[in-house]
Amino acid sequence: MKREMIIVLDFGGQYNQLIARRVRECNVYCEVHPYNIGLDKIKEMEPKGIIFTGGPNSVYGEDSPRCSKEIFDLGIPVLGICYGSQLMSYLLGGTVKTAPVSEFGHTEVQVEPSAKLFQEVSPETVCWMSHTDYIETVPEGFRITGHTLVCPVAAMECEARNLYAVQFHPEVAHTKEGMKMLSNFVYNVCGCVGDWKMDSFVESSIKEIREKVGTGRVLCALSGGVDSSVAAVLLSKAVGKQLTCVFVDHGLLRKNEGDEVEAVFGPEGHYDLNFIRVNAQDRFYAKLAGVEEPEAKRKIIGEEFIRVFEEEAKKIGSVDFLVQGTIYPDVIESGLGKSAVIKSHHNVGGLPDCVDFKEIIEPLRLLFKDEVRRAGLELGIPEYLVYRQPFPGPGLGVRIIGEVTAEKVKIVQEADAIYREEIVKAGVDKSLGQYFAALTNMRSVGCMGDGRTYDYAIALRAVLTSDFMTAESAELPWEVLGKVTNRIVNEVKGINRVLYDCTGKPPATIEFE
Ligand code: XMP
């Protein structure tokens with residue numbers, strides 16, 4: 001049976017992924033596509049509904065993104081959001097103009113309770129607005145279904161043609177009843193039944209993987225991170241002993257992490273993954289000796305990882321399939337993104353074609369991170385692994401500023417372990433997006449006992465973020481920072497100063513390199 005789907009057409013708004021995630025939270029599968037994907041492709045996909053995103057442009061701009069107005073004749077319901085609402089109006093003969101007063105932020109909107117989008121929504125509801133243009137007059141056949149004090153058309157609909165539009169953003173959490181509105185669109189307007197659930201995803205993926213792999217052999221690079229762990233366990237459930245997982249310990253993991261990964265996924269653990277651990281610490285340290293430049297370090301770690309993996313793969317012999325832990329944001333970003341490379345991210349799942357295999361399997365390529373986590377829980381992976389904070393592929397290599405040495409790795413591992421332990425003890429871990437210690441390349445003078453010291457400063461970082469694209473520095477309780485500082489300077493040899501990073505992203509990044 002074909003899975004029902006809503007498609008989001010991306011007109012350059014910041015919230016394109018968020019819209020798709022919200023629709024999926026309504027248990028309806030949703031994909032993001034560029035606004036100019038073309039009508040034939042859309043027809044082929046047979047979506048139950050289409051959502052136009054917002055965007056920074058004005059519909060009258062020369063280079064503004066537009067789709068053809070025939071899209072409204074496909075008989076598929078359309079919901080326009082912000083720029084998408086203005087575009088709908090503009091293409092169908094309404095007028096759009098610069099609003100005398102722009103609206104940004106929480107705004108009270110009066111909505112028409114009889115409108116399909118606003119069923120069971122309060123007549124006065126707080127929505128998130130962010131616009132300088134607005135719809136002045138609606139196209140023929142439309143009626144106004146929402147307004148604010150300064151915006152005459154905060155929402156409109158043409159029920160006969162199944163076309164709906166809102167000037168505000170129902171997808172952001174600040175729009176109090178936004179989820180209800182999106183759910184009204186996907187269920188009441190598009191007639192979806194809600195067949196996107198993680199248990200059925202796991203079940204159908206296992207079936208598809210089995211059919212695809214047959215009796216073939218499968219190789220997976222396992223890092224112990226959420227994505228590769230979920231991918232490996234999914235594959236193992238599907239093809240059992242045909243799967244081999246290689247875990248490369250590059251010596252840049254957190255304290256005890258290599259052993260913890262082995263304990264869960266190795267021969268003594270809960271799964272049957274043909275787990276191979278490669279202890280390649282010395283190789284990585286040798287390659288990194290004398291290298292200080294962050295991008296050079298990232299490249300060396302990435303390349304060395306591939307070499308080690310390749311050697312292991314050769315020992316295993318030829319394989320038919322290679323597993324990659326690609327997830328949906330990577331797919332969207334590689335398809336649509338044009339952003340500058342700030343850092344060359346190295347994901348241990350991302351291997352080039354150095355290994356002799358026939359095909360790549362990307363079992364998670366349709367999932368957002370929260371869905372990967374839910375799939376992990378469905379597969380019985382322990383919660384503490386499923387909800388781990390992100391850890392970069394190059395590991396501590398990018399948390400040691402300047403040259404990486406075995407001695408510095410040990411210092412940062414010890415300090416980081418103390419920091420993490422105290423954060424959990426204080427019960428603040430759940431509120432943080434990510435927190436870790438990084439070793440600065442700065443030594444300074446201190447006094448311990450009666451003696452002079454000249455040791456490293458360690459930096460502590462804790463950020464609040466949900467998307468990791470932007471972040472705020474967290475205000476940790478002073479007692480916690482004090483306790484961590486005391487313990488680090490007393491227990492970790494080589495450190496005499498502890499600094500807290502108060503910078504957000506931007507202007508800083510979350511990791512130090
Ligand atoms: P930045 O430092 O770019 O990090 O603000 C954003 C998020 O990405 C993680 N990160 C990485 N993840 N490979 C990864 O898999 C990498 O090379 C890498 N570099 C950064 C970082 O921990 C944060 O969560």
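Predicted model, so just to flag it, every value in this text is computed and none were measured.

Cut-offs used in this document
Residues numbered from 1 in each chain as written. Predicted model: local features only at pLDDT ≥ 70, side-chain atom pairs only at ≥ 80, totals over all residues. Heavy atoms only, no water. Helix = DSSP H or I, 4+ residues; strand = E, 2+ residues; numbered from the N terminus. Rg over C-alpha atoms; globule rule 2.2 N^0.38 Å. Buried < 20%, exposed > 50% of the residue type's maximum accessible area, 1.4 Å probe, protein only. Areas by Shrake-Rupley, 256 points an atom, 1.4 Å probe, with all protein chains shown as cover. Lys, Arg positive; Asp, Glu negative; His and termini not counted. Charge placed at Lys NZ, Arg CZ, Asp CG, Glu CD. Pairing = 2+ DSSP bridges. Axes fitted to C-alpha atoms, helices over the stretch in contact; angles between N-to-C directions. Contact = heavy atoms within 4.5 Å. Domains from an automatic or database assignment. Buried area = accessible area lost by both parts, 1.4 Å probe. Right-handed = clockwise from strand over helix to strand, strands pointing away. Core = buried A, V, L, I, M, F, W, Y, C linked by side-chain atoms within 4.5 Å. Parallel < 35°, antiparallel > 145°, perpendicular 65-115°, else oblique. Left-handed = near helix turned anticlockwise from the far one by under 90°. Nonpolar A, V, L, I, M, F, W, Y, C, P; charged D, E, K, R; others polar.

Check the secondary structure of the chain and you find 14 helices and 18 strands. For the chain, whose C-alpha radius of gyration is 26 Å, the value lies close to the compact-globule estimate of 24 Å for 513 residues. With respect to the principal axes defined by its C-alpha atoms, the chain has extents near 80 × 60 × 40 Å. When burial is assessed residue by residue, the chain has 55% of its 513 residues classed as buried. Carbon and sulfur atoms make up 50% of the accessible area of the chain, which totals about 22,900 Å². Placing the 56 positive and 73 negative side-chain charges of the chain at their respective mean positions leaves the two points 3 Å apart.

Before going further, it helps to examine the sheet that holds strand 2 (residues 29-34). The mixed open sheet is built from nine strands, whose spatial order is 2-1-3-4-9-8-7-5-6. Edge strands, defined here as strands with exactly one partner in the open sheet, are strand 2 and strand 6 (124-137). Mean inter-strand twist for the sheet, computed between neighbouring axes without regard to direction, equals 20°. Taken together, the four bridges between strand 8 (residues 155-158) and strand 9 (residues 163-166) define a ladder with antiparallel strand orientation. Bridge pairing links Glu157 to Tyr164 in strand 9. Against the sheet, helix 1 (residues 16-25) engages strand 1 (5-10), strand 2, strand 3 (49-52) and strand 4 (78-81), with an angle of about 160° to strand 2. Against the sheet, helix 3 (residues 83-91) makes contact with strand 3, strand 4, strand 5 (95-111), strand 6, strand 8 and strand 9, and its axis sits at roughly 120° relative to strand 4, the strand it touches most.

Our next topic: the domain arrangement of the chain. Considered domain by domain, the chain is made up of domain 1 (5-189), domain 2 (198-386) and domain 3 (399-500). Relative placement of domain 1 and domain 2: their C-alpha centres are 38 Å apart. On the domain 2 side, the residues contacting the eleven residues of domain 1 number ten residues. Where domain 1 abuts domain 2, roughly 890 Å² becomes buried across the two surfaces, and 55% of that area is made up of carbon and sulfur atoms. Three residues stand out in domain 1 for area buried against domain 2, namely Gln17, Arg21 and Arg24, and they jointly supply 56% of the buried area on that side.

What follows deals with the pairing of strand 2. Along a regular strand, successive side chains alternate from one face of the sheet to the other. Of all six residues that make up strand 2, five are buried, and the element is covered over most of its length. Where strand 1 and strand 2 come together, six bridges link them in parallel fashion. Pairing of Ile6 across the sheet is with Cys30, part of strand 2. As a crossover connection, the stretch from strand 1 through helix 1 into strand 2 is right-handed.

Checked against the element boundaries, Gly216 lands in the loop between helix 5 (198-213) and strand 10 (218-221). The class for Gly216 is buried, based on a relative accessible area of 9%. Measuring from C-alpha to C-alpha, the distance between Gly216 and Val319 comes to 7.4 Å, with 103 residues separating the pair along the chain. Setting aside residues up to four positions removed in sequence, Gly216 forms contacts with Gln242, Asp320 and Phe321.

Of all hydrophobic cores here, the largest spans 70 residues; its most connected members are Leu9, Ile50, Phe52, Phe72, Met88 and Phe265. The dominant element in this core, judged by the number of residues it contributes, is helix 6 (residues 226-239), at nine residues. Here this core spans two domains, since at least three of its residues come from each of domain 1 (5-189) and domain 2 (198-386). Apart from the residues within four sequence positions on either side, Leu9 is in contact with His33, Pro34, Tyr35, Ile37, Ile42, Ile50, Ile51, Phe52, Thr53 and Ile71.

Let us look at the packing of helix 6 against helix 11 (residues 369-378). Contact pair helix 6 / helix 11: the axes reach a minimum separation of 10 Å and the direction vectors enclose 45°. Compared by their axis directions, helix 6 and helix 11 come out oblique. Here helix 6 runs over helix 11; the crossing is left-handed. Where helix 6 approaches helix 11, its residues Val226, Asp227 and Val230 are matched on the opposing element by Lys369, Val372, Arg373, Ala375 and Gly376. Among the residues forming the contact of helix 6 with helix 11, the class breakdown is four nonpolar, one polar and three charged.

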